[in-house]
Amino acid sequence: MKYVDEFRQHKLAKQLAAAIRDEVDTGRSYHLMEFCGGHTHAIFRYGVQDLMPGNVRFIHGPGCPVCVLPVGRIDNAIHLVEAEDVILCTYGDLLRVPASGRNSLIKVKAAGGDVRMVYSTQDALNIARENPARQVVFLAIGFETTTPPSAVALQQARREGLKNFSLFCNHVLTPAAIQNILESPEVREIGSVAIHGFFGPSHVSSVIGSRPYEFFAEEFQRPVVIAGFEPLDVMQSVLMLIRQLNQGRYEVENEYTRVVTREGNQKAQRLVAEVFELRRSFEWRGLGLVPYSALKIKADYQEYDAEQRFQIPVSPAKEVKGCECPAILRGAKRPTDCKLFGVVCTPDNPMGSCMVSSEGACAAYWSYGRFRQPEAKSA
Ligand code: SF4
């Protein structure tokens, strides 16, 4: 398949692994954060870590939209179903994420709540058209990749005069999260988490372009390489990051040139700007309150804003005791550092969001069984 098979070639992977081995300085370490869960899964699925020298380590970041949604927002969604009797539509991964008191949307559905799994905002709009007497809420999550379809849905709802459709907006922004990690005490002051460079997310960057990363590459002196999701993309990006670090450069480079440009998809950016604006602050699981890191619906579209329509409160909620998702999402711990990993927490019985989501780091460790192998030795 074009753009897939050619980026999975075994022979090229071996050549890239050799080039990386030649390039590394054995006297230092390279801790590279893959922001996006798609990269985490590519690394584990294809065994990319096994091809790396011992001093090249991948640190998993918070780029899984399901994983970073705080418990309180899922509690809010459950409240909409149980107290407001809405039809709640959302993507499948979210259904099993634990809410407060070991509850979840799938348990609410099993108890008779009207929770529906959809594949797109268009499915949710169709449900609203078919149920004019019921309020339909789309629980919208995701980074810059999923925001344009949400904007389109609200514009369609307005054009059609749909009065029973609204959106519970939980869209978050990638550059603000990366900046927050770089400013965190663990990275800056304590130094317990060393992050030397970043893989920029591929799908997100296809929308926002590579330009938004330029500020913090320079400000925090960390190189960024926008990387595709195939194993050779990841390995080529490792090589590019190592070269930058060896040469003392802190630039934004683009490995994923078949999709990403510096300016990104300007039509999608305009659409988003018409419907959404920045929130002053938003709570991320793992990162806490992060200023200007999420979007809210503009006043002009407030009749389609579920937060306004149902007066949804801010609900602080506690994580499951013992779950290390917050530290894992900050890159401070690995899934195997969690005492619950594989003991009481598995994909069949997830205790935290990182085990639920197909992009979560705990799910990646478990699904591909890499945790059973000895850790690579540090240089
Ligand atoms: S293994 Fe389960 S409980 Fe532990 S951090 Fe991951 S999701 Fe949370």
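Our structure's up above, just so we're on the same page.
Our subject in this report is the structure included herewith. (Residues numbered from 1 in each chain as written. Predicted model: local features only at pLDDT ≥ 70, side-chain atom pairs only at ≥ 80, totals over all residues. Heavy atoms only, no water.)

1. Section: the state of the cysteines
Then, number 1: The tally for this structure, following the rule as stated, stands at one disulfide.
Then, number 2: The disulfide partner of C64 is C67, and the gap between their sulfur atoms is 2.4 Å. Measuring handedness by torsion sign, the sulfur bridge of C64 and C67 sits at about 75 degrees and is right-handed. Considered together, C64 and C67 belong to a single accessibility category, that of buried residues. (Disulfide = S-S within 2.5 Å. Buried < 20%, exposed > 50% of the residue type's maximum accessible area, 1.4 Å probe, protein only.)

2. Some thoughts on the packing of helix α2 (residues 37-45) against helix α17 (residues 361-368)
Then, number 1: Following both chains from N to C, one finds α2 and α17 inclined at 15 degrees, their axes separated by 9 Å at the closest point. Taken together, the axes of α2 and α17 are roughly parallel relative to one another. Seen from above, α2 lies across α17 with right-handed handedness. Note on element contacts: α17 touches α2 through A361, A363, A364, Y365 and Y368, opposite T40, H41, F44 and R45.
Then, number 2: A class-by-class count of the residues in the contact of α2 with α17 yields six nonpolar, two polar and one charged. (Axes fitted to C-alpha atoms, helices over the stretch in contact; angles between N-to-C directions. Helix = DSSP H or I, 4+ residues; strand = E, 2+ residues; numbered from the N terminus. Parallel < 35°, antiparallel > 145°, perpendicular 65-115°, else oblique. Left-handed = near helix turned anticlockwise from the far one by under 90°. Contact = heavy atoms within 4.5 Å. Nonpolar A, V, L, I, M, F, W, Y, C, P; charged D, E, K, R; others polar.)

3. So, the site of the ligand
Then, number 1: Around the ligand, the structure places C323, E324, C325, I328, C338, L340, F341, C345, M351, G352, M355 and C362.
Then, number 2: Taken together, the residues of the shell around the ligand sort by class into 10 nonpolar, one polar and one charged. (Near = heavy atom within 4 Å.)

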